[in-house]
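# Remarks on the overall topology
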Amino acid sequence: MIAPMEKLVLAGPKAQAKELLHSLQQAGVVHLETLRVAELSEYRLSPAEREELRRWEGVAAGAEHTLALLGREVEPSRPFPEGLEAAEKALAPVQGHAEGLARQKQELEEELALAQAYLEPLEKLASLAQGLDQSPFFRTIPFLITEKELPVVEESLRKSLEDRFVLAHEARAGGLAALLVVHRKDLEAAKAALSRAGVAELRLPGAYGELPLSEAARRLKARAEAAPKELSEVRQALYRLAQEAHSTLQSLWTRAKDEVARLKALEELASGRFGFALMGYVPVKAKPRVEEALSRHKDAVVYAFEPVDEHHEADRVPVTLDNPPWVKPFELLVGFLNTPKYGSVDPTPMVPLFFPFWFGMIVGDIGYGLLFWLLGRWLAGYVKRNEPLVIDLFALKLKPPVIGKLVYILNWMVFWTVVWGFVYGEFFGTFLEHLGVFGTPEHPGLIPILIPRIDTAKTANLLILLSVAFGVLMVFWGLGLRAYLGLKHHHRGHFWEGVGYLGGLVGILALAASYLGNLQAGWLSGLMYVGFGVFLMAILMSRIWLMLPEIFTQAGHILSHIRIYAVGAAGGILAGLLTDVGFALAEKMGLVGALLGLVVAGVLHLLILLLTTLGHMLQPIRLIWVEFFTKFGFYEENGRPYRPFKSVRETQ
């Protein structure tokens, strides 16, 4: 549900604005609003305050940068207890040391990369040069080519230099290391010939490019031998520095971020010559925390809480959700779509009621449920260890609190998957049916199968009707909310739209029952006429003429719920076929066939599960996101997210 809010209006002496904001930040529940009124001007930071803001931002950025250099993530901790100058003095030596070590590390890594790329061909080229690279009369041009390019290079050189060159080469990984030796007068002509052959001279980066080949090879080899030890020492020094300075840097970052937030919050205030005014929104449940924070300033400030008008102020009131614990984790599946507008409806409680239930109805396999349970245990390990889950393929990092919510959702999905697995009598398809655990009247077993969904001739009608019943419930519920919200907010068009669609759908359902269901009842015909009459009246009252063609879309949304049965039945039949393959192998080949069948069926089950699980999750959640949420206008109006002014320790 959407938490009820109240407006906080506060005034006090300008000299105590910072201290008051500090108290409100500690309370951590007031959503500050930018206050602009004709009687007061906006609060402008003084030059001293702007300088203080700049310096605290520098401390925050420096601490964050240093932590990144040390390979640590920013995490809020106990704030640095001293003032700004002490914070800058504490940061400077640590930041300087970390930057110096990071530079050394980068240089050493670049040297090692250079050695890995050039040392092998460079040693071969130095061997080919035989000291000619240091001759005052000759010039050497090193380059790397493939065997196919060698004839082209030789031909180009002969055309330009005739026989005034020596070309030596030696095999290397991926091609040839080649060295061209010419008289110094022919250097430019040789380079031009190589260029026409599409070959570029091998030039070493940095200082190595100015050295003769033999000297460059010697120095690069020496660095390749010494750099790994030096790099290890630098990494150890960075690790030790991280261990020593980690807590200090975290505390500096926390204090600096809080100070920056307070200084920037001053600009949200309105002020006069000696006083200031503040406005914000507070959840009704959190009022005691605000009153406790303001009690420290009771002799200097005056404040009042005012009820908000959800009819006229709904666009400005921030929204926070106040759901019971069993609903809270499912906010993950709603929050990223939209924030409901204040005064409207939070649809989150619908998700735990239907999403896991429908997922279980679709999958409906005890064996698959156990595999999902194992996945949940694996994810729960990250929560217990307080470790994030990093998925590099999607550049995704899930923090332990988020993983905990996912595990909670997964547990309910597992529960209903197992429940429906018993209803369908499925354990990796027909595995337990083959063993006589589950049975039907034709093939008795220890546990009778209540609804054998893979026997579509017997159960299709029942499961389709059940799916359609869910569609009727969801669509009617959504349209009822549309009418309720329209009536509540005096929006005549929305009210009649909801009522009209309800009437039209009642008429269509009554018509379908009469003619398709062969139910010839007078009351059913009367219900049909009343429903269509309400629908036509609603079109006239709302003047929304598109309701006439759109009524068929609404009916289609009811039928869309048949996907619960269709996707589930297809999956159940496929799982049964995979298991039947394994048992067929066992019957034909004995023990070897049983082992082979177990492996083949197991691999196929895992493959199918990996390929279909995402679809099995998207089908039920889509029915909620589209068929239900669109009925009461969830996506039509956006609410303002509640962003309380609080310490960074509470926002991470």
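Computed from a predicted model, the values in this text were never measured in an experiment.

### A look at the overall build of the protein
Check the secondary structure of the protein and you find 18 helices and 15 strands. The globule rule puts the C-alpha radius of gyration for 652 residues at 26 Å, and the 37 Å found for the protein is more than 25% above it. When the backbone C-alpha atoms are referred to their principal axes, the protein occupies close to 115 × 95 × 50 Å. Residue pairs in contact within the protein that sit at least 24 positions apart in sequence constitute 80% of those at least 6 positions apart. For the protein, the accessible area works out to roughly 34000 Å², and carbon and sulfur atoms hold 61% of it. Side chains of the protein carry 65 positive and 69 negative charges; the gap between the two charge centres is 2 Å.

### Quick word on the packing of helix α13 (residues 456–488) against helix α17 (residues 563–628)
As a packed pair, α13 and α17 sit with axes 11 Å apart at the nearest point and diverge in direction by 25°. Relative to α17, the element α13 is oriented roughly parallel. With respect to the hand of their crossing, α13 and α17 are arranged in right-handed fashion. The residues of α17 that touch α13, namely those facing Thr456, Ala460, Leu463, Ile464, Ser467, Met474, Val475, Trp477, Gly478 and Leu481, are Ile564, Tyr565, Ile573, Ile624, Glu627 and Phe628. Looking at side-chain class alone, the contact of α13 with α17 contains 12 nonpolar, three polar and one charged residues.

### So, the nonpolar core
Counting 63 residues, the largest nonpolar core has Leu278 and Val290 as its most contacted members. Breaking this core down by element, the ones donating at least two residues are β1 (5–13), α1 (17–27), α2 (47–69), α3 (84–129), α6 (213–266), β8 (275–283) and α7 (287–294). The biggest single contributor to this core is α6, with 16 residues. Of the residues that make up this core, three or more belong to each of domain 1 (1–42 + 271–320) and domain 2 (44–115 + 227–268). Not counting chain neighbours up to four residues away, the residues in contact with leucine 278 comprise Leu8, Val9, Leu10, Leu21, Leu24, Leu32, Leu35 and Leu269.

### Description of unusual backbone geometry
You will see that glutamine 130, though not glycine, has its phi angle at about 50°, which is positive. Residue position: glutamine 130 is located in the loop between α3 and β4 (138–145). A positive phi angle, close to 50°, is found at phenylalanine 428, a residue other than glycine. In this structure, phenylalanine 428 sits in the loop between α11 (400–424) and α12 (431–434). For phenylalanine 428, a relative accessible area of 23% puts it in the partly exposed group.

### Considerations on the pairing of β1
Relative to β8, β1 is paired through nine bridges, and the arrangement is antiparallel. Paired with lysine 7 across the bridge in β8 is tyrosine 281. Summarising the sheet, β1 and strand β9 (residues 302–307) pair through six bridges and their orientation is antiparallel. Note that in β9 the partner of valine 9 across the bridge is alanine 304.

### Considerations on the environment of proline 47
On the secondary structure map, proline 47 appears in helix α2. Proline 47 gets classed as exposed once you look at its relative accessible area, which sits at 71%. Separated by 334 residues in the primary sequence, proline 47 and glycine 381 have C-alpha atoms spaced 51 Å apart.

### Examining the domain arrangement of the protein
You can read the domains of the protein as domain 1 (1–42 + 271–320), domain 2 (44–115 + 227–268), domain 3 (132–211) and domain 4 (328–628). Distance between the C-alpha centres of domain 2 and domain 4: 50 Å.

### Quick look at the packing of aromatic side chains
Taken as a whole, this structure holds 27 aromatic pairs when the rule is applied. Look at tyrosine 303 and phenylalanine 305: their rings are 5.9 Å apart centre to centre, the planes differ by 80°, and that puts the pair in the edge-to-face class. Taking the relative accessible area as the measure of exposure, phenylalanine 305 reaches 18% and is therefore buried. When the ring centre of tyrosine 43 is taken as reference, the NZ or CZ atom of lysine 14 above it lies at 5.3 Å. The ring of tyrosine 382 has arginine 385 lying over it, and the distance from NZ or CZ to the ring centre is 5.0 Å.

### Some words on the pattern of salt bridges
Taken as a whole and assessed by the stated rule, the structure comprises 37 salt bridges. Residue glutamate 111 pairs with arginine 223 through a salt bridge whose shortest N-O separation is 3.0 Å. Of the two residues, glutamate 111 sits in helix α3 while arginine 223 sits in helix α6, which places them 112 residues apart along the sequence. Take arginine 223: its relative accessible area is 22%, and that puts it in the partly exposed class. For glutamate 170, the salt bridge identified is with lysine 124, shortest N-O distance 3.6 Å. Of this pair, glutamate 170 sits in strand β5 (residues 166–172) while lysine 124 sits in helix α3, placing them 46 residues apart in sequence.

### Description of the side chain of serine 251
On the secondary structure map, serine 251 appears in helix α6. The class for serine 251 is buried, based on a relative accessible area of 10%. Among residues more than four places away in sequence, those in contact with serine 251 are Ser77, Arg78, Pro79 and Phe80.

### Let's talk about the UniProt feature "domain: V-type ATP synthase subunit I N-terminal" (unreviewed entry) in the protein
Per the UniProt record, the feature "domain: V-type ATP synthase subunit I N-terminal" (unreviewed entry) sits at residues 116–204. In residues 116–204, the share of helix is 40% and the share of strand is 27%. The end C-alpha atoms are 13 Å apart.

### Focus: the confidence of the model for the protein
This prediction gives the protein a mean pLDDT of 88; 99% of its residues lie at or above 70. The element-level mean pLDDT for the protein is lowest in helix α18 (residues 648–651), coming to 80, with helix α9 (residues 350–363) highest at 94.

### Observations concerning helix α16 (residues 547–559)
Quick reminder: α-helices carry 3.6 residues per turn. Residues three or four places apart thus point the same way. Here α16 is 13 residues long and its end C-alpha atoms lie 18 Å apart, about the 18 Å a rise of 1.5 Å per residue gives. For α16, the set of buried residues is Met547, Ile551, Gln554, Ala555, His557 and Ile558. Seen along its axis, α16 keeps its buried residues to an arc of 150°; they face one direction. When the buried face of α16 is taken as reference, the exposed residues oriented beyond 90 degrees from it are Phe552 and Leu559.

### Brief notes about the sheet that holds strand β6 (residues 175–183)
Read across the open sheet, the three strands follow the order β4-β6-β5; overall the sheet is antiparallel. On the outer flanks of this sheet lie β4 and β5, each paired with one strand and no other. Across this sheet, the average inter-strand angle for adjacent strands is 20°, counted without regard to direction. Across eight bridges, β4 lies against β6 in antiparallel orientation. Its bridge partner lying in β6, isoleucine 145 is registered against leucine 176. Together, β4, β5 and β6 form the strand contacts of helix α4 (residues 150–161), whose direction differs from that of β5 by roughly 170°.

About the criteria used
Residues numbered from 1 in each chain as written. Predicted model: local features only at pLDDT ≥ 70, side-chain atom pairs only at ≥ 80, totals over all residues. Heavy atoms only, no water. Helix = DSSP H or I, 4+ residues; strand = E, 2+ residues; numbered from the N terminus. Rg over C-alpha atoms; globule rule 2.2 N^0.38 Å. Contact = heavy atoms within 4.5 Å. Areas by Shrake-Rupley, 256 points an atom, 1.4 Å probe, with all protein chains shown as cover. Lys, Arg positive; Asp, Glu negative; His and termini not counted. Charge placed at Lys NZ, Arg CZ, Asp CG, Glu CD. Axes fitted to C-alpha atoms, helices over the stretch in contact; angles between N-to-C directions. Parallel < 35°, antiparallel > 145°, perpendicular 65-115°, else oblique. Left-handed = near helix turned anticlockwise from the far one by under 90°. Nonpolar A, V, L, I, M, F, W, Y, C, P; charged D, E, K, R; others polar. Core = buried A, V, L, I, M, F, W, Y, C linked by side-chain atoms within 4.5 Å. Buried < 20%, exposed > 50% of the residue type's maximum accessible area, 1.4 Å probe, protein only. Domains from an automatic or database assignment. Pairing = 2+ DSSP bridges. Phe/Tyr/Trp six-rings, centres within 6.5 Å; stacked < 30°, edge-to-face > 60°. Lys NZ or Arg CZ within 6 Å of the ring centre and 35° of its normal. Salt bridge = Lys/Arg side-chain N within 4 Å of Asp/Glu carboxyl O. UniProt positions renumbered as here; feature names shortened; annotations may be inferred. pLDDT = per-residue confidence, 0-100. Expected span 1.5 Å × (residues − 1). Arc of directions from axis to C-beta.

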